[in-house]
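So the chains spell out like this:
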Amino acid sequence: MTTHGADGAGGADALLTVLELLARQAPPARFDALLDEARRGGLGRADLDRLERAVALAGQVHAERAHDARREAGLDALTDTARDLTLSYDLDGLLHVITRRARRLLGLDLAYVTLRGPHGACYVHTTDGTRPGRAEGPRLAPGLGIAEGYGLGGAVQLHGEPVWTPDYLADERFAPSGSLDAGVHAPAFDEAAEAALRTEGLHAIVAAPLRSGDTVIGTLFGADRRVRHHTAEEIGLLAALADLAALAVEKAGLLDRTRAEVSELERDSSRVRTRLTRMRHVSEAHGRIMNLVLSGGDLCNVAKAAADALDASVLIRDPGGRSLAAIGEVPGLDEEAVEEAVEKASLDAHARRRPVLAADDTWVAPVIAGSEDLGGLVVHAAGGLTGEDERLLELAAQSVAFLLLMRRSTAVAEGPVRDELLDDLIADPPHAPQQIAQRAGRLGVDLRRPHVLVLARPEGGEQGRAVVWASSYAYRLSGLKTVQGGCLVLLLPGEDASAAARAVAAELSPLLGHPVSVASAGPGWSPDAVGRMHREAWRCLDAMSALGGTGSAASVRDLGFLGLLLSDDNDVDGFVESAIGPVLDYDAERFTDLTHTLEAYFASGGSPTNAAEALHVHPNTVSRRLERIGELLGPEWQKPGQVLEVQLALRLQRTREALARDRVAPEPPRPPERGA
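Cut-offs applied
- Residues numbered from 1 in each chain as written.
- Predicted model: local features only at pLDDT ≥ 70, side-chain atom pairs only at ≥ 80, totals over all residues.
- Heavy atoms only, no water.
- Helix = DSSP H or I, 4+ residues; strand = E, 2+ residues; numbered from the N terminus.
- Buried < 20%, exposed > 50% of the residue type's maximum accessible area, 1.4 Å probe, protein only.
- Areas by Shrake-Rupley, 256 points an atom, 1.4 Å probe, with all protein chains shown as cover.
- Pairing = 2+ DSSP bridges.
- Axes fitted to C-alpha atoms, helices over the stretch in contact; angles between N-to-C directions.
- Contact = heavy atoms within 4.5 Å.
- Parallel < 35°, antiparallel > 145°, perpendicular 65-115°, else oblique.
- Core = buried A, V, L, I, M, F, W, Y, C linked by side-chain atoms within 4.5 Å.
- Salt bridge = Lys/Arg side-chain N within 4 Å of Asp/Glu carboxyl O.

With that out of the way, let us pick up the overall build of the chain. Along the backbone of the chain there are 20 helices and 15 strands. Within the chain, buried positions represent 43% of all 676 residues. Only carbon and sulfur atoms are counted for the fraction: they give 53% of the accessible area of the chain, which is about 35300 Å².

Take a look at the structure:
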């Protein structure tokens with residue numbers, strides 16, 4: 001700038017230059033250079049004073065402009081931060097944005113956020129600007145004076161307003177005897193704080209509260225590694241950022257709660273879907289079981305359907321505890337302890353009228369109709385039963401009760417017709433076999449299959465209950481029943497007459513509460529055989545009474561040689577087979593002579609030595625043979641009753657062999673002579 005010419009002109013030029021520099025937003029150094037040039041150019045005192053005044057005003061304008069720029073930048077930063085809060089950051093991401101903005105806007109060396117934990121203690125959540133190698137997180141908290149109730153952070157927590165200091169360690173307000181608040185800076189804490197601050201190299205600290213309503217939930221800190229006096233504008237900007245941080249915390253908490261609620265709703269929805277699926281399974285399974293019942297399925301089919309639906313073993317028992325149908329096996333049911341537990345659970349189940357857990361994974365459901373006990377349903381599920389499974393078990397038990405009632409009703413309704421058919425079968429003389437077979441077919445009885453006939457005589461008590469039971473029992477086993485001479489007459493499918501007699505006695509005696517004499521005969525394979533079995537069973541029952549066997553159960557075969565005498569067909573082959581059959585088979589397979597040894601043993605009066613002399617063998621040989629015979633016939637073969645049967649069977653066998661040898665084979669017919 002030139003200063004020659006009049007002072008007024010030079011002063012005007014200088015002022016114009018100031019305006020040009022101000023318009024170009026020149027840095028302050030250019031204004032200072034203008035003053036120096038004016039002083040060296042010899043500008044007059046008055047013009048120089050005006051120039052200095054103009055430069056000072058330009059400095060104020062420049063400062064205001066810089067202040068406006070900083071405020072605008074701060075507002076932009078707050079706007080950007082608020083916009084960032086609308087994005088789907090998690091809490092860590094949002095607080096990292098805020099601490100990074102706080103450092104950039106305020107020119108801080110370090111910024112961090114502390115939050116109050118669930119038990120009131122504060123911890124550092126997010127940090128930005130720590131020295132390399134320094135650990136972030138809760139370990140930083142004591143060094144920055146934020147422990148609950150202590151230091152600058154404690155003051156913010158206590159008052160809920162921003163607090164700052166140009167040099168924390170030199171600030172008397174935070175000394176043990178400081179006047180900010182009693183107890184804000186404890187001596188024990190002060191040593192740890194001073195050591196941490198010196199390690200980090202921090203001096204100036206400013207803190208603003210994170211408020212949620214009237215509650216301080218955390219603090220936003222800014223720190224410098226130099227002594228610094230913060231302006232009110234800087235403190236206000238930090239407080240605004242702290243408010244945004246509080247919003248971020250609330251937003252994150254709301255999102256967490258919302259996610260938790262959504263997760264819980266999803267779990268509830270999953271549980272509801274699972275429950276609906278199980279209920280649908282229960283409904284479908286119950287429908288299948290009821291369809292079986294209504295279509296005339298038997299107990300085994302119903303038990304199979306229940307076992308498939310429950311993925312378990314199923315046992316249907318009558319009121320006396322006997323098995324009516326079984327699918328799979330219930331582990332340990334034959335053991336006394338388990339059986340007692342099942343019996344007790346059965347009583348509890350009938351008392352509560354719902355399924356009861358008897359043992360590990362074993363349940364008992366009552367089969368009841370009104371107040372009548374029809375039995376129980378025992379279920380063993382290795383994986384246990386859910387609530388829906390228990391409901392299905394209860395419905396299955398109801399279906400079994402319904403089936404038993406249907407059978408009873410059908411048996412009672414068909415009783416007279418079935419009784420009449422069995423009466424005609426055992427009549428003497430018998431009715432027309434063709435008509436009887438047709439009538440039996442209409443009732444579902446196939447007389448071409450093997451059947452046995454059972455006579456049951458209740459020894460006392462009323463007969464009515466026994467007759468009702470017999471109708472149901474015969475219908476259940478697809479047999480026939482009638483009553484003659486005070487005895488129940490049952491024609492049942494099967495080949496084992498002894499087993500049939502024992503089964504009838506085992507079920508009927510506990511029901512009546514007194515002994516029942518049961519006799520049986522058979523099997524027979526045609527309608528004509530029924531009359532014969534009936535006569536044999538009557539003779540067997542009379543023989544049992546004569547022998548003092550009242551209240552027992554036996555078949556014609558069980559009576560040994562006496563049964564042979566009582567039988568109409570005199571089954572010699574069957575008697576010989578039952579008495580010495582294993583010995584005959586052994587001799588035939590191994591070409592031994594145990595049968596001859598037995599005959600010699602009995603002929604010598606039961607003396608092995610005399611038998612050895614008769615056989616011309618050593619006595620030890622006879623002893624070994626007798627031991628083998630004992631293994632074949634059983635340990636009781638030498639008791640009087642069985643000895644008699646064995647001797648009789650030996651005589652019958654020897655007689656049959658003699659007759660076979662003497663039998664003369666018929667000569668083949670001669671061809672007719674020519675011309676005859």
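Okay, the sheet that holds strand S2 (residues 122-128) next. One open sheet accounts for 5 strands, arranged S2-S1-S5-S4-S3; its pairing is antiparallel. Two strands lie at the open edges of the sheet, namely S2 and strand S3 (163-165), each paired on one side alone. Taken over all neighbouring pairs, the strand axes of this sheet differ in orientation by 20° on average, direction set aside. Two elements, strand S4 (residues 205-212) and strand S5 (residues 215-223), share 8 bridges in a ladder whose sense is antiparallel. Within S5, the position partnered with Ser212 by the bridge is Thr215.

Read from one edge to the other, the open sheet built from 5 strands follows the order S12-S13-S11-S14-S15, with strand pairing classed as mixed. The open sheet terminates on both sides in strands that have one partner only, identified here as strand S12 (480-484) and strand S15 (553-555). Between one strand and the next, the sheet's axes are offset by a mean angle of 20°, whatever the strand orientation. Pairing analysis gives 3 bridges linking strand S14 (residues 516-524) to S15, with the strands arranged parallel. What sits directly across from Ser520, in S15, is Ser555. Helix-sheet contacts for helix H12 (residues 464-476) involve strand S11 (451-458), S12 and strand S13 (487-493), and the interaxial angle to S13 is about 10°. On the sheet, helix H13 (residues 497-512) packs against S11, S13, S14 and S15 and is oriented at approximately 150° with respect to S14.

At a minimum axis distance of 9 Å, the contact between helix H4 (residues 91-106) and helix H7 (residues 232-294) shows a crossing angle of 175°. Taken together, the axis directions place H4 and H7 in an arrangement best described as roughly antiparallel. Residues Leu91, Leu94, Leu95, Ile98, Arg101, Ala102, Leu105 and Leu106 of H4 form the contact with H7, whose participating residues are Glu234, Leu237, Leu238, Leu241, Leu244, Ala245, Ala248, Val249, Lys251 and Ala252.

Now for the nonpolar core. Counting 34 residues, the largest nonpolar core has Leu299, Ile316, Val367, Leu377, Leu393 and Val400 as its most contacted members. Of all the elements in the fold, those that place two or more residues in this core are H7, helix H8 (299-310), strand S6 (313-317), strand S7 (323-327), strand S9 (362-369), strand S10 (372-380) and helix H10 (387-425). With 9 residues, H10 is the single largest residue contributor to this core.

A few words now on the pattern of salt bridges. As enumerated under the stated definition, the model contains 15 salt bridges in all. One salt bridge connects Asp256 with Arg259, and the closest N-O pair in it is separated by 3.3 Å. Here Arg259 and Asp256 lie together in helix H7, a separation of 3 residues that amounts to about one turn. The class for Asp256 is partly exposed, based on a relative accessible area of 47%. One salt-bridge network, in which partners are shared between bridges, spans Asp224, Arg226, Arg228 and Glu234.

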